[in-house]
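Structural features, examined
So the chains spell out like this:
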Amino acid sequence: MSATSAPPPRTAGRLGAVTSHTLFWPVVALVALLAANTIFRPSFLSVSVLNGHLFGSPIDILRNCAPLMLVALGMTLVIATRGIDLSVGAVVAIAGAVALSFIATAPEPEAIGTVLTAIGIALVLSLLLGVWNGFLVSVVGVQPIIATLILMTAGRGIAMLITQGQITTVTSAPFKTLGAGFWLGLPVATLVAFGVFGLVSFLTRRTALGMLVEAVGINPSASRLAGVQARTIVWTVFALAGLFSGLAGLILASNVMAADANNAGLFIELDAILAVVIGGTSLAGGKFSLSGTFVGVLIIATLTLTVTNLGISPLVTPLFKALVVAAVTLAQSPVVRRKLAERAVRRPSTSKAVA
Amino acid sequence: MSKNFRRVGAALFATLTATALVACSSEQAPSDAGSDGGDAAAATDTIVLGFSQVGAESGWRAANTKSIQDTLTAENGFELKFSDAQQKQENQIQAIRSYIQQGVDVIAFSPVVETGWDAVLQEAKAANIPVILTDRAVDSTDDTLYESFIGSDFVLEGQMAGEWAVEQYDGEGYKAVELQGTTGAAPMIDRQQGFADAIAGSDIEVIDSQTGNFTRTEGKQVMEGFLQKYDDIDLVFAHNDDMGLGAIEAIEAAGKVPGEDIKIITVDAVKDGMQALADGKINYIVECNPLLGPDLAEIAKKVIAGEEVPKRIVVKDEAFDQEAAKEALPDRQY
């Protein structure tokens, strides 16, 4: 599923083929993080059944990664067309604010109809915000970073207006299911996020959509001349990014049953871009790897829990996270890999350390 | 075509400048009058007060802003010029400079950060405009730069929380976890300090602490981690209500009963927190009072009248247990 990288400069054995795969280092990082946690606390990976659903750290990771999974999914598609979407965090905040304000003022907050309407309104609005971004980029021709910066700046203000500067809190069992509920023992949030992720993976790799997206990312003019509707493709990916961010916002709001216009999805755009980059998608557009993004999101979610689990002091948390991310991205970078490979060829005895 | 455009442009420009000039002069007039009359007949005249707020980052801040706007009204003898700094010091410095230029009678502000205020406060002093700090302090060696600092004592808040915990649970070997505020923020440092001081000597032990950045989502995530890591948590001390509310969600998801199996103490007393306290999910809340408006009005009037005011005014913070919360809840303003 992932894009293949350039053949390694050294003699490519079976081992070489594995280590040079784009996903090799991210997966190693994820396994290393999980191993470190398990060494520190052997019960880390254990999952038990509690009140009829699964319970344990791995389940927490899977549930907490759901919003980032959705946002990063949209971000991957946008980046694949050479774009970037900085407004995802703002859309997250708006979606939560709209849904919770609707439920809070509805006569029957516990009714399923109310909750479905709230979710519907929030998703339609998120889609429209995505369409707005897409319009600015594909029709007006504004640079994506500037176009989405507009909504990034204005979005939290809009969310604040909707919640009137307060943290809106509701009590509604059906809405809580989305972010904190379980179905067949698994978190609903995870099922929703993974479901959407699977659907998009299927659509991009089993139909021509993925190829068209990549074509637009590699060369918009050439692809247009070749008959690809570049404008529609760009517009679509921005709209999808908005829609997925809205869904992420609903899951986040439902998780704590509160819409916090200031803090919901704050800096999630950076985490999403990070997940995309860790997954091996180039910011220059063109090829993209959804499975890479998937692993990237899991790394970031695991990292968050690792900080608590290892008891890392809050003072050095940002540094710790930065070091892990730097290590993963460096290990992936073609330049570093070529350097290491050259050394390995010169001194074959060290090749094990490289592998 | 282009000539036409230029002519229209020029006309527009002229009109705009004219309006701007009119606007400026009309704005200038009353504030000039205000500062002229300010020293002489302040007691009867309207006091023009420029207030620079940190931003609108939390429910607490919204209540704080509302209190100031509702108190410093024309009926109470104030003309309030309010600006929102959106968490940026440079915006706040700009706002203060513009208040100095407008010649307001009093400047009040909640500093975004503690340092870097000396220059602009010197300007205010040179212009003979008294300055009052609210909510947060400035770190300056020269305390003649401001008249008074009105705000809560964060160390005391932590102490009150710790003292109650000791009173209730000492002797039972409680293991506590701490959900800290944003790393390095004054309330985080002081509340941690106060709590640690108060429980020193008791058998309550803080086994772990981690930042939840004052938000519900992160409070919940950190608490989830703690619950997986330790089986024997008895007490949570959260530096604000929001993180405590997040922790409640995590505790419930882990199949335990918040307020019973795991006791919770928080600081702030915003409405959602008080509701959870009344519902028995939180055990104790120390208030951090945002209603600074009345104190600010009183001090501003005294300063203008030339009376001595204390350098530090500690806002009275109450504390609530579950019974008190049920009584107080109907009349809560925020």
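Treat the numbers as computed from the prediction; the structure is a model and nothing was measured.

So, about the nonpolar core. One recurring pattern in soluble globular proteins is that nonpolar side chains are buried together. All names here are of chain A. Formed by 156 residues in total, the largest nonpolar core has its most connected members in Leu 68 and Ala 99. Element by element, the count of residues in this core is highest for helix α12 (residues 230-256), at 17 residues. If sequence neighbours within four positions are ignored, Leu 68 has contacts with Ile 268, Asp 271, Ala 272, Ala 275, Val 297, Ile 300 and Ala 301.

Residue and element names in this part refer to chain B. Along strand β3 (residues 106-109), one buried face is formed by Val 106 and Ala 108 and the opposite face, lined by Ile 107 and Phe 109, is buried too. Two strands pair when backbone bridges link them, and strand β1 (residues 47-53) and β3 are joined in this way by four bridges, in the parallel orientation. Within the sheet, the bridge partner assigned to Phe 51 lies in β3 and is Ala 108. Pairing geometry for β3 and strand β4 (residues 131-134), over three bridges, is parallel. Bridge pairing in β4 links Ala 108 to Ile 132.

What follows covers α12 of chain A. Residues and elements named next belong to chain A. Taking 1.5 Å of rise per residue, 27 residues should cover 39 Å, and α12 covers 40 Å from first to last C-alpha, within 8% of that figure. Extensive coverage of α12 is indicated by the burial of 24 of its 27 residues. Following α12 by one or two positions, Met 257 has its phi on the positive side, about 55°.

Residue and element names in this part refer to chain B. Here we have six strands laid out as an open sheet, ordered β7-β6-β8-β9-β10-β12, and mixed in their pairing. Strands at the two margins of the open sheet, each flanked by one partner only, are β7 (205-211) and β12 (319-321). Each neighbouring strand pair of the sheet contributes to a mean axis angle of 15°, computed without reference to strand direction. Looking at chain direction, strand β6 (residues 175-180) and strand β8 (residues 235-238) are connected through four bridges and run parallel. When the sheet's bridge partners are listed, Ala 176 is paired in β8 with Leu 235.

The subject of this paragraph is the UniProt feature "domain: Periplasmic binding protein" (unreviewed entry) in chain B. Under the UniProt annotation, "domain: Periplasmic binding protein" (unreviewed entry) lies at residues 51-308 of chain B. The annotated region residues 51-308 of chain B carries 44% helix and 19% strand content, and the separation between its end C-alpha atoms amounts to 21 Å.

Glancing now at the interface of chain A and chain B. Taken residue by residue, the interface counts 28 residues in chain A and 27 residues in chain B. Breaking the side of chain A that touches chain B down by element, the ones donating at least two residues are α3 (57-64), α12 and α14 (290-309) of chain A. Of the residues forming the side of chain A that touches chain B, the biggest block, four residues, is contributed by α14 of chain A. Class assignment of the residues belonging to the side of chain A that touches chain B gives a composition of 11 nonpolar, 14 polar and three charged.

Residues and elements named next belong to chain B. In this model, chain B carries an average pLDDT of 85, and 87% of its residues clear a pLDDT of 70 or more. Averaged over each element, pLDDT in chain B is lowest for helix α1 (residues 2-40) (44) and highest for β8 (97). The low-confidence segment residues 11-43, where pLDDT is below 50, has 19 contacts with residues more than four positions distant or belonging to other chains. Two numbers describe this predicted complex: its pTM, 0.82, and its ipTM, 0.84.

This next bit is on the packing of helix α2 (residues 24-40) of chain A against helix α15 (residues 317-332) of chain A. Residues and elements named next belong to chain A. Here α2 crosses α15 at 150°, and the two axes come no closer than 8 Å. As summarised for this structure, α2 and α15 are arranged roughly antiparallel, according to the angle between their axes. As α2 runs across α15, the sense of the crossing is right-handed. Contact with α2, carried on its side by Trp 25, Pro 26 and Ala 29, involves Val 328, Ala 331 and Gln 332 of α15 and no other residues of that element. Split by residue class, the contact of α2 with α15 holds five nonpolar, one polar and no charged.

Let us now look at the domain arrangement of chain B. Annotation of chain B at the domain level lists domain 1 (38-151 + 291-316) and domain 2 (154-288). Between the C-alpha centres of domain 1 of chain B and domain 2 of chain B the distance comes to 33 Å.

Residues and elements named next belong to chain A. On average, residues of chain A score 88 in pLDDT, and 93% of them are at 70 or above. At the level of individual helices and strands, chain A shows its lowest average pLDDT in helix α17 (residues 351-354), which scores 45, and its highest in helix α4 (residues 66-80), which scores 97. Taken together, the stretch residues 1-11 has pLDDT below 50 and engages in 27 contacts with residues farther than four places along the chain or on a different chain. Confidence drops under a pLDDT of 50 for residues 350-355, and excluding neighbours within four residues, the segment shows seven contacts in the predicted structure.

Cut-off values and rules
Residues numbered from 1 in each chain as written. Chains lettered and ligands numbered in written order. Predicted model: local features only at pLDDT ≥ 70, side-chain atom pairs only at ≥ 80, totals over all residues. Core = buried A, V, L, I, M, F, W, Y, C linked by C-beta atoms within 7 Å. Buried ≥ 20, exposed ≤ 12 C-beta atoms within 10 Å, placed from the backbone. Helix = DSSP H or I, 4+ residues; strand = E, 2+ residues; numbered from the N terminus. Contact = placed C-beta atoms within 7 Å. Pairing = 2+ DSSP bridges. Expected span 1.5 Å × (residues − 1). Axes fitted to C-alpha atoms, helices over the stretch in contact; angles between N-to-C directions. UniProt positions renumbered as here; feature names shortened; annotations may be inferred. Nonpolar A, V, L, I, M, F, W, Y, C, P; charged D, E, K, R; others polar. pLDDT = per-residue confidence, 0-100. Parallel < 35°, antiparallel > 145°, perpendicular 65-115°, else oblique. Left-handed = near helix turned anticlockwise from the far one by under 90°. Domains from an automatic or database assignment.

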